[in-house]
Amino acid sequence: QVQLVESGGGLVQPGGSLRLSCAASGFTFSSYAMYWYRRAPGKERELVATISSSGSNTNYADSVKGRFTISRDNAKNTVYLQMNSLKPEDTAVYYCNAKQYYSTSYYITYWGQGTQVTVSS
């Protein structure tokens, strides 16, 4: 059974930090690129960060560049999102996503249930 389980969300003051984790099981984690998305209230889902299957390549949304860091540990089947200098506009439900592309238009994808991050004083 495929599972992606996020943890580490919570309430933090502006300027604070949180580290999200996403533990994967039921598929070959090291073969999948991993993504963190977020959805803020009343807004569309936003891609926050990506990391290649090996971990050698990462990309970030402009809104989080320089503040967030995505990483992965393939031995632990876990992907992380270190979030520093948090702002109220980072408040959202954060989702972990796995994708393996077989062609430009065909891929297998899995989603976690999400973890709430609230940045407020």
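The preceding data block contains the structure.
Remember, predicted model here, so these are calculated numbers, not experimental data.

Regarding the overall build of the chain
At step 1: Regarding its fold elements, the chain presents zero helices and eleven strands.
At step 2: A compact globule built from 121 residues should have a C-alpha radius of gyration of about 14 Å, and the chain, at 14 Å, falls within 12% of that.
At step 3: Projected onto the principal axes, the alpha-carbon positions of the chain cover approximately 45 × 30 × 25 Å.
At step 4: Per-residue burial over the chain gives 40% buried out of 121 residues.
At step 5: Here the contacts in the chain between residues at least 6 apart in sequence split such that 53% fall between residues at least 24 apart.

A look at the side chain of Gln100
At step 1: Position of Gln100 relative to the elements: it lies in strand E9 (residues 92-101).
At step 2: For Gln100, the residues in contact, after removing those within four places along its chain, are Ser31, Tyr32, Tyr106, Tyr107 and Ile108.

Thoughts on the state of the cysteines
At step 1: Applying the stated rule across the entire model yields one disulfide.
At step 2: The disulfide partner of Cys22 is Cys96, and the S-S distance across this bridge is 2.1 Å. The chirality of the disulfide connecting Cys22 with Cys96 is left-handed, given an S-S dihedral of about -80 degrees. Of this pair, Cys22 sits in strand E3 (residues 18-25) while Cys96 is found in strand E9, placing the two residues 74 residues apart along the sequence. Take Cys22 and Cys96: they sit in the same class, and that class is buried.

The rules behind each value
Residues numbered from 1 in each chain as written. Predicted model: local features only at pLDDT ≥ 70, side-chain atom pairs only at ≥ 80, totals over all residues. Heavy atoms only, no water. Helix = DSSP H or I, 4+ residues; strand = E, 2+ residues; numbered from the N terminus. Rg over C-alpha atoms; globule rule 2.2 N^0.38 Å. Buried < 20%, exposed > 50% of the residue type's maximum accessible area, 1.4 Å probe, protein only. Contact = heavy atoms within 4.5 Å. Disulfide = S-S within 2.5 Å.

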